[in-house]
Amino acid sequence: MSTPSNTGNTAHQPVSATAPMSLTERRKAETRMEIARAAAALFVRQGLRATRAEDIAQAAGIAPRTFYRYFASKEEAVAPLYAAGAELCIQAVRDAPAGLSLPEAIRHAVEHTLSPDMRVSAASWEWVRTLIRLADASPALGKVWAEVCRTSEYALAETLAERLSRAGATGATWATGATGVAEAAGPAGTAGSVDAAGSAGAAGSVDATGSAGAAGSAGSTGSLRSAGAVRSAGDNVARPAAIPPQLRLTAAVAGAAIRVAVESWAATTSAPTGPDGPAALALRNLTALQNYAWPGNPA
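A brief report on the enclosed structure follows. On a predicted model such as this, the values are computed, not experimentally measured, just so you know.

Here we look at the overall build of the protein chain
A count of helices and strands for the protein chain gives nine helices and nine strands. The buried share of the protein chain, taken over its 299 residues, is 51%. Pairs at least 24 apart in sequence give 74% of the contacts found in the protein chain among residues at least 6 apart. For the protein chain, the accessible surface area stands at approximately 13,100 Å², while carbon and sulfur atoms represent 55% of it.

In structure tokens:
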């Protein structure tokens, strides 16, 4: 994954899909997550308004100038936690059994990431609830949450393209719309990736001890590998390969179904398990899409 920028905004940093992280990159990724955990703990304990960037830096054991090398604002500091949840959910889609269709793979991911289990306690989900409520109450934090959700759609679209490619479904072409040229959904990981600090609606969180929790995995860097990048002629900048519009729409629809479920649950006092938990709500939303024309499904 990428090295965080030395300038303020680090919401989306390019990462390599193939090259392993260097020791320096790993340490910087760990620092980003440590700052994110400290910020979330303070936001939950004393509120967003009462928390300063300097307070977060002190809690994370770093100097304020170091904080601003990683994040432009205190609100941006929790983006890695939101992204950690998305990464876990999208990875679950990627790892779903090969025989599953796209909607089945997404349901599989929801069932395995949006419910408390041995990795993520019910208490951690309460932190998720608080962080999402804060995003709803604060325009600045809400902007971070919205950007996290938006950018994750592309990462999810690439994962869906990867599944179609593995299933041999890329023989079908999808019109790009912009140029009228048909493109196959190419496999992910062809030439690199981009970092999408995004979420498919599942938020990362921290438990009372500051460990990564909720829909995020412990130790996650909070970045999303968005594979399938290509290099444009005449430069060395890796740019995302074009994702067919139908797959981007599918990712947006599925992502919205999950995001709305998590946000709806967070607005209530319902337990994270049972018929009113985020997983159950997301599954109901996905069921409502049963007539959607999922790519790769028989007509």
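Remarks on the packing of aromatic side chains
Counted under the stated rule, the structure contains five aromatic pairs. Judged by centre distance (5.2 Å) and plane angle (90°), the ring pair of Phe-67 and Tyr-68 falls under edge-to-face. Between the aromatic rings of Phe-67 and Phe-71, the centroid separation amounts to 5.9 Å while the plane-to-plane angle is 45°, which identifies the pairing as tilted. Judged on exposure class, the residue Phe-67 and its partner Phe-71 are both buried. Cluster of aromatic residues (ring-pair linked, three or more members): Phe-67, Tyr-68 and Phe-71. The ring of Trp-265 carries the charged tip of Arg-129 above its face, separated from the ring centre by 4.1 Å.

Some points on the pattern of salt bridges
Tallying each qualifying case throughout the model produces six salt bridges. Residue Glu-126 is joined to Arg-129 by a salt bridge in which the shortest nitrogen-to-oxygen separation is 2.9 Å. Taken together, the residues Glu-126 and Arg-129, both in helix α6 (residues 122-137) and three residues apart, mark about one turn of the helix. Residue Glu-126 is classed as partly exposed on the basis of its relative accessible area, which comes to 33%. With a closest N to O distance of 3.1 Å, Arg-259 and Glu-263 form a salt bridge.

Details of helix α5 (residues 102-113)
Taking 1.5 Å of rise per residue, the 12 residues of α5 would be expected to cover 16 Å, and the 17 Å separating its terminal C-alpha atoms lies within 8% of that figure. Among all positions in α5, only Leu-102, Pro-103, Ala-105, Ile-106, His-108, Ala-109, Val-110 and Thr-113 are buried. Close packing links the buried residues of α5 with α4 (79-95), α6, α7 (139-166), α8 (245-266) and α9 (278-287).

Details of the environment of Tyr-292
Along the chain, the position of Tyr-292 falls in the segment after α9. Separated by 189 residues in sequence, Tyr-292 and Pro-103 have C-alpha atoms that sit 9.6 Å apart. With residues up to four places along the chain from it excluded, the contact list for Tyr-292 reads Gln-246, Leu-249, Thr-250 and Val-253. Here Thr-250 takes part through its side chain, which lies 2.9 Å from a polar atom of the side chain of Tyr-292.

Considerations on the packing of α7 against α8
Between α7 and α8, whose axes approach to 8 Å, the crossing angle comes to 130°. With respect to their mutual orientation, α7 and α8 come out oblique. Between α7 and α8 lies a crossing of right-handed hand. Across the interface between the two elements, Trp-145, Cys-149, Glu-153, Tyr-154, Leu-156, Ala-157, Leu-160, Ala-161 and Leu-164 from α7 touch Leu-247, Arg-248, Thr-250, Ala-251, Ala-252, Ala-254, Gly-255, Arg-259 and Glu-263 from α8. Taken together, the residues of the contact of α7 with α8 sort by class into 12 nonpolar, two polar and four charged.

Section: α9
Within α9, seven of the 10 residues are buried, which leaves it mostly tucked inside the rest of the structure. Every buried residue of α9 is accounted for by Pro-278, Ala-279, Ala-280, Leu-281, Ala-282, Leu-283 and Leu-286. Turning to α9, the residues buried within the fold contact α5, α6 and α8.

Digging into the environment of Ala-251
By the element assignment, Ala-251 lies in helix α8. Measuring from C-alpha to C-alpha, the distance between Ala-251 and Ala-155 comes to 8.5 Å, with 96 residues separating the pair along the chain. Those residues in contact with Ala-251 that sit more than four places away from it in its chain are Glu-153, Leu-156, Ala-157 and Leu-160.

Side note on the packing of α4 against α5
Contact geometry for α4 and α5: axes closest at 8 Å, N-to-C directions at 135°. Taken together, the axes of α4 and α5 lie oblique to each other. Crossing of α4 against α5: the hand is right-handed. For the pair α4 and α5, contact is made by Leu-88, Cys-89, Ala-92 and Val-93 and by Ala-105, Ile-106, His-108, Ala-109 and Thr-113, respectively. Here the contact of α4 with α5 is built from residues that sort into seven nonpolar, two polar and no charged.

The rules behind the values
- Residues numbered from 1 in each chain as written.
- Predicted model: local features only at pLDDT ≥ 70, side-chain atom pairs only at ≥ 80, totals over all residues.
- Heavy atoms only, no water.
- Helix = DSSP H or I, 4+ residues; strand = E, 2+ residues; numbered from the N terminus.
- Buried < 20%, exposed > 50% of the residue type's maximum accessible area, 1.4 Å probe, protein only.
- Contact = heavy atoms within 4.5 Å.
- Areas by Shrake-Rupley, 256 points an atom, 1.4 Å probe, with all protein chains shown as cover.
- Phe/Tyr/Trp six-rings, centres within 6.5 Å; stacked < 30°, edge-to-face > 60°.
- Lys NZ or Arg CZ within 6 Å of the ring centre and 35° of its normal.
- Salt bridge = Lys/Arg side-chain N within 4 Å of Asp/Glu carboxyl O.
- Expected span 1.5 Å × (residues − 1).
- Polar contact = N/O pair within 3.5 Å; in protein donor to acceptor, adjacent residues only side chain to side chain.
- Axes fitted to C-alpha atoms, helices over the stretch in contact; angles between N-to-C directions.
- Parallel < 35°, antiparallel > 145°, perpendicular 65-115°, else oblique.
- Left-handed = near helix turned anticlockwise from the far one by under 90°.
- Nonpolar A, V, L, I, M, F, W, Y, C, P; charged D, E, K, R; others polar.

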